[in-house]
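Spelled out from the first residue to the last, the chains are:
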Amino acid sequence: MSIRSANARLLAGLIAWALCCPSAWADEHEAESKSSTSKSSADGATHSTTKPKYPPYAEALKDFKAIEGLIKLHQKENRVYAEIDSHQFNHDFIVLISIARGIGEGALLGGMTWGFGDDWLWQFRKVEDTVQVVRRNVRFRANKGSPEEKAVHMAYTDSVLFALPIVTKASGGGVVVDLDPIFMSDLPQISQVLPGFSFSSSKSSWAAVKGFKDNVELEVAATYASSGTQSLDTVPDSRGVSINVHYSISQLPDNGYVSRMADDRVGYFVTAIKDYSKKGDEDRFVRYINRWDLQKADPAAELSPPKKPIVFWLEKTIPFAYRGAIRDGILEWNKAFEQAGYSNAIEVRQQPENADWDPEDVNYNTFRWITSSAGFAMGPSRVNPINGQILDADIIFDADFVTYWKHEYEQFTPASIAAITGGPLDLEHFQQAMEHMPVGMRHGAQCRCELHTGMARQLAFANIALAASAAPVGSKEEQRLLLQGLKEVTMHELGHTLGLRHNFKASTMLSLEDINNPAKTEKVGMASSVMDYSPPNIVSKDQKQGDYYSTTIGPYDMWAIEYGYKHLSGGIEGEIPELKKIASRSAEPDLAYATDEDTRGIDSDPYSNRFDLGKDPLAYARARTRLISGLIPGVVKKVTKEGEGYQRARQAFGVLLGNYGQAVFLASRFVGGVEVNRDHRGEPKERAPFVVIAADKQREALKLVEEKMFSDKPLEFPPELYNHLAATRWYHWGITMPMRTDFAVHEVIAMWQDRVLDHLLSPLTLDRLYDSELKVPAKDDAFTTAELFSRLTKSIFTELDNLKPGNYTNREPAVSSLRRNLQRIYVKRLSNIALGQGGAPEDCQSLAYAELVGLEKRLDEALAKKDKLDSYTQAHLQETRDRVHKVLDARLTFSRP
């Protein structure tokens, strides 16, 4: 064949291919000319010797179904490709992750927002023959074109998550890539909360692939595999745990949103950016509040509807009986927006039964009702990590929220008691707890909403109190309790979706008397903010009963919404003077604010509490313990029905005792307490940042603790009660059988006594008391560590001064068993302090030593008396004296040069 014929045949073939595949010709021609090599023949002609680098577009996507949307997708069975246009390279996309179907364990609950740290901004970047998926680092910035910008660029980098090979080229410079390497992987790092499990790509598949104009919605049925040695009640076989993970990818809105600067006196979640162009001697952080882009339709009008309202959809899974209370709770916030200048800022719509959109879709804000047996509610939102604009929010309620009777209430452990009283009480154990947590979860763990961990218990307490009262209320009243509680929790979670943080000082607005005055509470609520954790308002039979929960938002809520959403002019910087003016009201009593980092076990402010009520927490503790003491004796008959077992009696007793202990613990926080204020210098009614709790108030608190927890009188319940506290007798999955089926009376009461002493004698409490002696003027009264030790020893060992001649028996001992246990706990803690274990101030170690010396003398005197003691008391006092003696001897030996 001649060279001319060969060239003619080659040309004819190329023309025929181009006619068949016109869209691919232009795309492939350039790549082919660059990638092919030429080889000279004997007569000088050249021939292409290699194939095109990429297969033709039509060939590569043969049998794939095209899905139009923000990013064009192509799906064929279990393969999904993305067609990335040339203009989409180096462009920001926000990626939001949710758990569409969970496993009812831990954080893996259907409907939950997922992610560690900031919401993700992604870019697609073309690098030679791959497309890199890059998570942008948005935490650092400087003015464009400035020397600082160059320094930031050198100091901080983005994270390249994936490098995707190009499948084929599309028209206009676009490319097609395979999405499997991204999404068929442990992209959300779920294995961090499922130890021992790893992502299995062979067992995972695409559950849904949808495209829309402004977003694409991808859902992966992700399977995590393990060796099968673990057992999960909610999973049939732990060798394959399937979790549907939903990814929503959308463009950042370009709508002229103006960020608003944050102020630490008003509780908003913030987006914090370190700005190296920031001048002055302050830190370089710029903090924006997280809020919706709410703009007036008529900026000049005093009251105007918004251009675009905030719309929440009630998911069709919500029971009909609860929809009204939930709708009312959401719309209640319109009162605050009206004060800020907006009419009908929030709308509520019902999801139609035939709706085919996904609740996880970024275009829909939803109120979701799920069944995960977790008994929780939460209101997360997703935020633009550059400017703080809220883009999407979903409130999630678990059906178990309204289920009061829990097997978990049948038993107590030191860990469960610590959990409901603030966690670690000293810095060392707090730091250890943080270190055991994955790094990415540490910040979120300290400011997440945990209302669900206590609300079901609080509703259980309310129902038990109503049932066990002298004149039990009817089902209508119980329904009112439930619907009021449901509305308050809805208001609370909706507040989170508007950007608001918790306010645990809100409960100090009204006295207990005013809280039961409906004329006041229907206007301002029972607390200044629904962002507190409120217990049910239950009063004794001799008092007037008001509402059980707040039915409206409070003054703080109004003020916070004004700060965050009031229409202001002048841009970010121009708004600041007016914002400072609004925030300067923070010293007003109704606007008191303290949040999560003020209310941990290690924090000092006794007015910042979870689940307390009223202006004076001591008054609340006194009223709550009095109420419970009156309910416990008759609880068995009141909560068990004819023909039923007695398991509910045990659950009810656990709830009542837990609330009793929690109330006393709140009182103990006043000892060594320091009130914290957030006032700024020069604002009206300015207060000092720290105010030591008055000595008389600390003494009052300690007296309450002595009477309600250290005395055995309020804890001596009728013997027949203990014999009716039956444990669950079922034994199957989903049920945790107590180690002891009978009730461990001494152990449980000792746990609560130990927890209260743990706070009173923790190194942090002793440090604060010791420091307060310098913070209070010498001429003023102060509660000292010396007084604390003296008071505790006197009250806990008061029997040593009151042993009178008598016939003590083992059935009627001189020192009761509950008191003997308390004394052992106290001597152990006092001994540890004296021996320098735990980090208490050295002066406190000396004081503890002196207390033990005096206690040894008093024990010797008691044992030397001729009074005939019972066997228990005799043995206890002898053993305690010997232990004290050994500790004193060990300290002298230890401290000897």
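Let me sum up the structure you'll find in this document. Fair warning: this is a prediction, and the values are worked out from it, not measured in the lab.

**Quick notes on the overall build of the protein chain**
- A tally of helices and strands in the protein chain yields 29 helices and 25 strands.
- Relative to its 897 residues, the protein chain shows a buried fraction of 52%.
- Accessible area for the protein chain stands at about 41200 Å²; split by element, carbon and sulfur atoms hold 52% of it.

**Topic: the pairing of strand S9 (residues 130–135)**
- Both strand S8 (residues 120–127) and S9 contribute to a ladder of 6 bridges, which runs antiparallel. Its bridge partner lying in S9, Phe 124 is registered against Val 133.
- What sits between the antiparallel neighbours S8 and S9 is a turn of 2 residues, in which Glu 128 has the positive phi angle 55 degrees.

**Considerations on the packing of aromatic side chains**
- Under the counting rule described, the total for this entry stands at 26 aromatic pairs.
- On the basis of an interplanar angle of 70 degrees and a centroid distance of 5.1 Å, the ring pair of Phe 337 and Tyr 565 is categorised as edge-to-face. With Phe 337 in helix H7 (residues 334–339) and Tyr 565 in helix H15 (residues 555–565), this residue pair connects regions lying 228 residues apart in the sequence.
- Measuring from centroid to centroid gives 6.3 Å for Phe 653 and Tyr 722, while their planes differ by 85 degrees, and the two rings are edge-to-face. Here Tyr 722 lies in helix H22 (residues 719–722) and Phe 653 lies in helix H20 (residues 647–668), a separation of 69 residues in the sequence.
- Relative accessible area serves as the criterion here: at 18%, Tyr 722 is assigned to the buried category.
- Put simply, the rings of Trp 120, Trp 122, Phe 183, Trp 206 and Tyr 247 touch in pairs and so form one group of aromatic residues.

**Brief notes about the environment of Ala 207**
- Turning to its location among the elements, Ala 207 is positioned in strand S13 (residues 198–211).
- Residue classification places Ala 207 among the partly exposed residues on the basis of a relative accessible area of 41%.

**Describing the layout of surface pockets**
- Approximately 970 Å³ is the volume attributed to the second largest pocket.
- Lining the second largest pocket are 32 residues, with Glu 716, His 746, Ser 816, Ser 817 and Leu 818 positioned closest to its centre.
- Looking at the lining of the second largest pocket, the elements that each hand over two or more residues are helix H21 (695–710), H22, helix H23 (745–760) and helix H27 (817–834).
- Per-element accounting of the lining of the second largest pocket gives the leading share, 4 residues, to H27.
- Across the lining of the second largest pocket, the residue classes break down as 13 nonpolar, 8 polar and 11 charged.

**A word on the nonpolar core**
- In this structure, Trp 333, Phe 337, Ile 346, Leu 498, Ile 561, Phe 710 and Leu 792 are the most contacted members of the largest nonpolar core, which totals 145 residues.
- No other element matches the 10 residues that H20 contributes to this core.
- Residues within four places of Phe 337 in sequence aside, it is in contact with Leu 294, Tyr 342, Ala 345, Ile 346, Leu 498, Ile 561 and Tyr 565.
- Within the second largest apolar cluster, 49 residues are counted, among which are Ile 67, Ile 166, Ile 190 and Ile 249.

**Thoughts on the pairing of S8**
- Pairing of strand S6 (residues 93–101) with S8 involves 3 bridges; the strand directions are antiparallel. Following the sheet pairing, Ile 94 is matched in S8 by Leu 121.

**Remarks on empty space enclosed by the protein**
- Inspection of the entire model under this criterion finds 5 cavities of 30 Å³ or more.
- Reported here for the largest cavity is a volume of approximately 60 Å³.
- Ile 71, Leu 73, Ala 82, Trp 122, Phe 124, Leu 179, Ile 182, Phe 183, Val 216, Leu 218 and Ile 249 are the residues that line the largest cavity.
- Secondary structure elements with two or more residues in the lining of the largest cavity: S8, helix H5 (180–183) and strand S14 (215–225).
- When grouped by side-chain class, the residues that make up the lining of the largest cavity number 11 nonpolar, no polar and no charged.
- Of the volumes computed, that of the second largest cavity is approximately 50 Å³.
- Around the second largest cavity, the lining residues are Gln 458, Phe 611, Tyr 620, Arg 624, Asn 659, Gln 662, Ala 663 and Leu 666.
- Secondary-structure elements contributing two or more residues to the lining of the second largest cavity are helix H18 (617–631) and H20.
- Here the residues of the lining of the second largest cavity are counted per class, giving 4 nonpolar, 3 polar and 1 charged.

**Details of the packing of helix H24 (residues 763–775) against helix H25 (residues 785–796)**
- It is the contact of H24 with H25, at a shortest axis distance of 9 Å, that shows an interaxial angle of 130 degrees. Here H24 lies oblique to H25, going by the angle between them. Of H25, the residues touching H24 (which contributes Leu 766, Leu 769, Tyr 770 and Glu 773) are Thr 785, Leu 788 and Phe 789.

**Focus: helix H6 (residues 320–331)**
- For H6, spanning 12 residues, the distance from its first C-alpha to its last is 18 Å, which sits close to the expected 16 Å at 1.5 Å a residue.
- Among all positions in H6, only Tyr 322, Arg 323, Ala 325, Ile 326, Gly 329 and Ile 330 are buried.
- Buried positions along H6 lie against strand S18 (310–314), strand S19 (346–350), strand S20 (365–370) and helix H12 (475–497).

**Section: the pattern of salt bridges**
- Applying the stated criterion across every chain yields a total of 56 salt bridges.
- One salt bridge in this structure joins Arg 829 and Asp 754, with 3.0 Å as the shortest N-O distance. Taken together, the positions of Arg 829 in helix H27 and Asp 754 in helix H23 put the pair 75 residues apart, joining distant regions of the chain.
- By relative accessible area, which is 21% here, Arg 829 ends up partly exposed.
- For Asp 754, a relative accessible area of 28% corresponds to the partly exposed category.

**Some points on the sheet that holds strand S10 (residues 140–141)**
- Within the open sheet, the 3 strands sit side by side as S10-S16-S17. Their pairing is mixed. A single partner strand is all that each edge strand has here, and the edge strands are S10 and strand S17 (285–289).
- In this structure, strand S16 (residues 270–275) lies alongside S17, joined through 5 bridges in antiparallel fashion. Pairing of Ile 273 across the sheet is with Val 286, part of S17.

**Some words on the side chain of Glu 799**
- Topologically, Glu 799 is positioned in helix H26 (residues 799–802).
- A polar contact is formed between the side chain of Glu 799 and the side chain of Arg 819, at a distance of 2.7 Å.
- Reaching out from Glu 799, the side chain makes a polar contact with the side chain of Gln 823 at a distance of 3.1 Å.
- If sequence neighbours within four positions are ignored, Glu 799 has contacts with Ala 814, Val 815, Arg 819 and Gln 823.

**Considerations on the environment of Arg 681**
- With respect to the helices and strands, the residue Arg 681 is situated in the loop between strand S24 (674–676) and strand S25 (690–692).
- Under the relative-accessibility criterion, Arg 681 is labelled exposed at 84%.
- For the pair Arg 681 and Ser 584, spaced 97 residues apart in the sequence, the C-alpha separation amounts to 9.5 Å.

**Brief notes about the packing of H21 against H25**
- Interaxial distance between H21 and H25 falls to 11 Å at its minimum, and their mutual angle equals 25 degrees. With respect to H25, the axis of H21 lies roughly parallel. The way H21 lies across H25 gives a crossing that is right-handed. Where H21 approaches H25, its residues Arg 699, Leu 702, Lys 703, Glu 706 and Phe 710 are matched on the opposing element by Glu 787, Leu 788, Arg 791, Leu 792, Ser 795 and Ile 796.

**Remarks on unusual backbone geometry**
- The phi angle at Glu 128 is positive, at roughly 55 degrees, despite the residue not being glycine.
- Along the chain, Glu 128 falls in the loop between S8 and S9.
- The backbone of Phe 611 shows a phi angle near 60 degrees, a positive value even though the residue is not glycine.
- Looking at the element boundaries, Phe 611 is found in the loop between helix H17 (576–583) and H18.

**Let's talk about helix H28 (residues 842–864)**
- If you check H28, its first and last C-alpha atoms are 33 Å apart, about what 23 residues at 1.5 Å a residue would give, namely 33 Å.
- When we look at burial in H28, the residues that qualify are Cys 844, Gln 845, Ala 848, Glu 851, Leu 852, Leu 855, Glu 856, Arg 858, Leu 859, Ala 862 and Leu 863.

**A look at the side chain of Ser 343**
- Residue placement: Ser 343 occurs in the loop between H7 and S19.
- For Ser 343, a relative accessible area of 17% gives the class buried.
- If near-sequence neighbours (up to four positions away) are discounted, Ser 343 is found in contact with Leu 303, Ser 304, Pro 305 and Pro 306.

**Some details on the environment of Asn 143**
- Locating Asn 143 in the fold gives a position in the loop between S10 and helix H4 (147–155).
- Between the C-alpha atoms of Asn 143 and Tyr 276, which are 133 residues apart in sequence, the distance is 8.0 Å.
- If sequence neighbours within four positions are ignored, Asn 143 has contacts with Glu 149 and Ser 277.

Conventions and cut-offs
- Residues numbered from 1 in each chain as written.
- Predicted model: local features only at pLDDT ≥ 70, side-chain atom pairs only at ≥ 80, totals over all residues.
- Heavy atoms only, no water.
- Helix = DSSP H or I, 4+ residues; strand = E, 2+ residues; numbered from the N terminus.
- Buried < 20%, exposed > 50% of the residue type's maximum accessible area, 1.4 Å probe, protein only.
- Areas by Shrake-Rupley, 256 points an atom, 1.4 Å probe, with all protein chains shown as cover.
- Pairing = 2+ DSSP bridges.
- Phe/Tyr/Trp six-rings, centres within 6.5 Å; stacked < 30°, edge-to-face > 60°.
- 1 Å grid on protein atoms, 1.4 Å probe; cavity = no way out; pocket = protein on both sides within 12 Å on 5 of 7 lines; lining within 4 Å.
- Points joined across faces, edges and corners; volume = space filled by probe spheres on them.
- Nonpolar A, V, L, I, M, F, W, Y, C, P; charged D, E, K, R; others polar.
- Core = buried A, V, L, I, M, F, W, Y, C linked by side-chain atoms within 4.5 Å.
- Contact = heavy atoms within 4.5 Å.
- Axes fitted to C-alpha atoms, helices over the stretch in contact; angles between N-to-C directions.
- Parallel < 35°, antiparallel > 145°, perpendicular 65-115°, else oblique.
- Expected span 1.5 Å × (residues − 1).
- Salt bridge = Lys/Arg side-chain N within 4 Å of Asp/Glu carboxyl O.
- Polar contact = N/O pair within 3.5 Å; in protein donor to acceptor, adjacent residues only side chain to side chain.
- Left-handed = near helix turned anticlockwise from the far one by under 90°.

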